[in-house]
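The chain contents come next:
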Amino acid sequence: MNKEKILLFIMDGDVDISKLRDMLSDMNTVDIAEILEYLEKDKFIQVFRVLPKTVASEVFANMDSEHQQSVIEALTDIEIGEIINKLFVDDAVDFIEEMPANVVKRVLENVQSEKRKLINQFLQYPDDSAGSIMTTEYINLREEASIQEAFTTIRNTGSNKETINTCYVISNDRLLVGEVTARKLMLANPQERIGNIMDTTPVFAHTTDDREVVADQFKKYDLLAMPVVDKEQRLVGIITVDDIMDVIVQENTEDMEKMGALKPSDDPYMKSGIFHLAKNRFLWLLVLMLSATITATIIEGFEESLALMPILVAFIPMLMDTGGNSGCQSSTLIIRGMALGDIRLRDFLRVFWKEIRVALLCGLALAAVNFGRIYIMNGKNILLSVTVSLALVCTVLVAKSVGALLPMLAKRIGIDPAMMAAPVITTIADAASLIMYFTFARLILGL
């Protein structure tokens, strides 16, 4: 049964609880969470209580923070304990990080002491570290164990683990010494030792590694899970691909917000208040408004030239817009290239040389069209056409060079390259285009 039919069934007056429980039990927990989020609060809590205990915790993990808080506020202490104790540690940590202090206190009071200790340990890791997104639910094996013994371990403990596709091999001191996939285990002789078939060079992360770097490693090595070790190389957890997908979405969203001159925010747009949205936008708007005084000052410095030939004013918007757009094109490609690892800082000169050639091709093509347009529409004034067209070529050259190099320079000095996107580059391109435009006007038109 599809989600629409179930929604209609739930909202159609009195609900047959047993029938609803059967219907929901056969559904994917992500789909159930989506259905619940469409309902009014009272109905939403009522339906959540109908879910079997084994399903409720998974549905809870897939809800947004607002609905999770509503569930916690509606449940008894015993019910809270049952839900949170069934969550994987990383999901429990993600939930707690989004909750207000009073909710966090109540939750921690009602979870098992061992899980509470783990949650508190995870909360101590920096938000952007590998330790903050790892989980402790993994299979660990000993290298001296046989394949048959390994399968016994997996059968006995695997149901509570986040993944059994890869098992991690540790020494007596819990040092990570290797990993072995379920495929290798199934194909190996049951009497063979784990140490003889394991991969002794697993790709791993440290708890303090930046999670964005870890995401790059997942992509580079095509991983589904990665072990995490402490500074003594002891295995303390693993990171799974579903958590890395969340990291990628968050990082991409943050970069897009910065590129659009917005202060990054974790809150979804539809759930953000107007004052919160205004606050996140105001600072950059203020900076850009004040930076526009640079272009105003440049124009004031050439008032005499404009007085002698007012038609020059008509081409200022075209030059500034073309410069801004050219810079944005380059910066977008470079920032994305660096994020994917295709462009590195050592490629600085290669990037510069490539963008210069691209800028020349684009600039000359635009200038040719522009020359003809101005010549035809402005009394066949060849000097004016040459002036604007030369300024256009130089504007594109400067804008594309700045758009390509500023993000790389930002990364070199430790600033997020996304900060050097559209707004900053447009301001620089505007100022450069005006200076070159009026300089050519004085040289060619004698103003």
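For clarity, every value in this text was computed on a predicted model and none was experimentally measured. (Residues numbered from 1 in each chain as written. Predicted model: local features only at pLDDT ≥ 70, side-chain atom pairs only at ≥ 80, totals over all residues. Heavy atoms only, no water.)

**Student:** Would you take a moment to explain the overall build of the chain for this structure?
**Tutor:** When you go through the chain residue by residue, the secondary structure sums to 21 helices and six strands. Taking 22 Å as the expected radius of gyration for a compact globule of 447 residues, we find that the chain reaches 30 Å, considerably beyond that expectation. Its C-alpha atoms put the chain at 90 × 60 × 40 Å along the principal axes. Counting across all 447 residues of the chain, residues that qualify as buried make up 44%. For the chain, long-range pairs separated by at least 24 residues make up 67% of all intrachain contacts whose partners lie at least 6 apart in sequence. When the accessible surface of the chain is totalled, it reaches about 24200 Å², and 57% of it is carbon and sulfur. Computed over 43 positive and 61 negative side-chain charges, the separation of the two mean positions in the chain equals 4 Å. (Helix = DSSP H or I, 4+ residues; strand = E, 2+ residues; numbered from the N terminus. Rg over C-alpha atoms; globule rule 2.2 N^0.38 Å. Buried < 20%, exposed > 50% of the residue type's maximum accessible area, 1.4 Å probe, protein only. Contact = heavy atoms within 4.5 Å. Areas by Shrake-Rupley, 256 points an atom, 1.4 Å probe, with all protein chains shown as cover. Lys, Arg positive; Asp, Glu negative; His and termini not counted. Charge placed at Lys NZ, Arg CZ, Asp CG, Glu CD.)

**Student:** For this particular structure, what's the right way to read the pattern of salt bridges?
**Tutor:** For side chains of opposite charge, pairing can occur when their charged atoms come near one another. All told, the structure shown has seven salt bridges when counted by the stated rule. Across the pair Glu73 and Lys41 runs a salt bridge, and its minimum N-O distance is 4.0 Å. Placement of Glu73 in helix α6 (residues 65–74) and of Lys41 in helix α4 (residues 41–50) is noted, with a sequence separation of 32 residues between them. You can call Glu73 partly exposed: its relative accessible area is 44%. Put simply, Glu79 and Arg49 hold a salt bridge, and the shortest N to O gap is 2.8 Å. Within this pair, whereas Glu79 is found in helix α7 (residues 77–86), its partner Arg49 is found in helix α4, the two being separated by 30 residues in sequence. Under the relative-accessibility criterion, Glu79 is labelled partly exposed at 23%. Among the ionic contacts, a cluster of salt bridges with common partners joins Asp230, Glu232 and Arg234. (Salt bridge = Lys/Arg side-chain N within 4 Å of Asp/Glu carboxyl O.)

**Student:** Looking at this model, I keep getting lost on helix α19 (residues 348–377). Mind explaining?
**Tutor:** Note on helix geometry: an α-helix contains 3.6 residues per turn, so any two residues three or four positions apart are oriented the same way. Over its 30 residues, α19 extends 42 Å from the first C-alpha to the last, a length consistent with the 44 Å expected when each residue adds 1.5 Å. Restricting attention to buried positions, one finds in α19 the residues Val351, Glu355, Ile356, Ala359, Gly363, Ala367, Asn370 and Ile374. Residues of α19 that are buried in the fold lie against α18 (316–340) and α20 (382–412). Among the residues trailing α19, Gly379 stands out with phi positive, at a value near 65°. (Expected span 1.5 Å × (residues − 1).)

**Student:** Can you walk me through a negative patch on the surface in this structure?
**Tutor:** Among the surface-exposed residues, Asp94, Glu97, Glu98, Asp127, Asp128, Asp210, Glu212, Asp216, Asp242 and Asp246 lie close enough to one another that they form a single negatively charged patch. Among the secondary structure elements, those contributing two or more residues to the negative patch are α8 (89–98), α14 (211–221) and α15 (241–259). Within the secondary structure layout, Asp216 lies in helix α14. (Patch = residues over 30% accessible without salt bridge, like charges linked within 9 Å, V, L, I, M, F, W, Y side chains within 5 Å.)

**Student:** Explain the sheet that holds strand β2 (residues 166–170) here, please?
**Tutor:** Strands in a sheet are paired, the pairing made by backbone hydrogen bonds, and the direction either parallel or antiparallel. Read from one edge of the open sheet, three strands run β1-β2-β3, paired in mixed fashion. Each of the sheet's edge strands pairs with one partner strand only, and the pair in question is β1 (140–142) and β3 (176–181). Averaged over all pairs of adjacent strands, the angle between their axes in this sheet comes to 35°, without regard to strand direction. The sheet contact formed by β1 and β2 spans three bridges and is parallel. Bridged to Asn140 within β2 is Tyr168. (Pairing = 2+ DSSP bridges. Axes fitted to C-alpha atoms, helices over the stretch in contact; angles between N-to-C directions.)

**Student:** Can you help me understand a nonpolar patch on the surface in this one?
**Tutor:** Together, Tyr375, Ile376, Met377, Ile382 and Leu383 line one region of the surface with nonpolar side chains, adding up to about 530 Å² of accessible area. Contributing elements (two or more residues each) for the nonpolar patch: α19 and α20. If one sorts the elements of the nonpolar patch by residue count, α19 sits on top with three residues. Examined against the element boundaries, Leu383 turns out to sit in helix α20.

**Student:** Is there a simple way to explain a positive patch on the surface in this structure?
**Tutor:** Together, Lys220, Arg344, Arg346 and Lys411 give the surface a local cluster of positive charge. Arg346 gets classed as exposed once you look at its relative accessible area, which sits at 70%.

**Student:** Looking at this structure, I do not really get the environment of Pro202. What am I missing?
**Tutor:** Considering the arrangement of structural elements, one finds Pro202 in the loop between α13 (194–197) and β4 (205–206). A relative accessible area of 11% places Pro202 in the buried class. For the pair Pro202 and Met226, spaced 24 residues apart in sequence, the C-alpha separation works out to 8.3 Å. Leave out the neighbours within four places in its chain, and Pro202 touches Leu176, Gly178 and Glu179.

**Student:** Looking at this model, I keep getting lost on unusual backbone geometry. Mind explaining?
**Tutor:** Most peptide bonds are trans, and most residues other than glycine sit at a negative phi. You will see that Arg174, though not glycine, has its phi angle at about 65°, which is positive. One can find Arg174 in the loop between β2 and β3. For Arg174, a relative accessible area of 31% corresponds to the partly exposed category. One non-glycine residue, Gln233, lies in positive phi territory at about 70°. Residue class for Gln233 comes out partly exposed when judged on its relative accessible area of 31%.

**Student:** Sorry if this is basic, but what is going on with the sheet that holds strand β5 (residues 225–229) here?
**Tutor:** Pairing in this open sheet of three strands is mixed, and the strands run β4-β5-β6 from one edge to the other. Strands with a single pairing partner mark the edges of an open sheet, and in this sheet they are β4 and β6 (235–240). Sheet topology places β5 next to β6; five bridges connect them, and they run antiparallel. Bridged to Met226 within β6 is Ile239. In the packing of α14 onto the sheet, contacts are made with β4, β5 and β6, and the angle to β5 comes to roughly 140°.

**Student:** Would you mind showing me how to read the pairing of β5 here?
**Tutor:** Each regular strand shows side chains that alternate between the opposite faces of the sheet. Extensive coverage of β5 is indicated by the burial of five of its five residues. Across two bridges, the pairing between β4 and β5 is parallel. Each bridged residue has a counterpart across the sheet, and for His206 the counterpart in β5 is Val229. Hairpin connection of β5 to β6: five residues between the antiparallel strands, including Gln233 at a positive phi of 70°.

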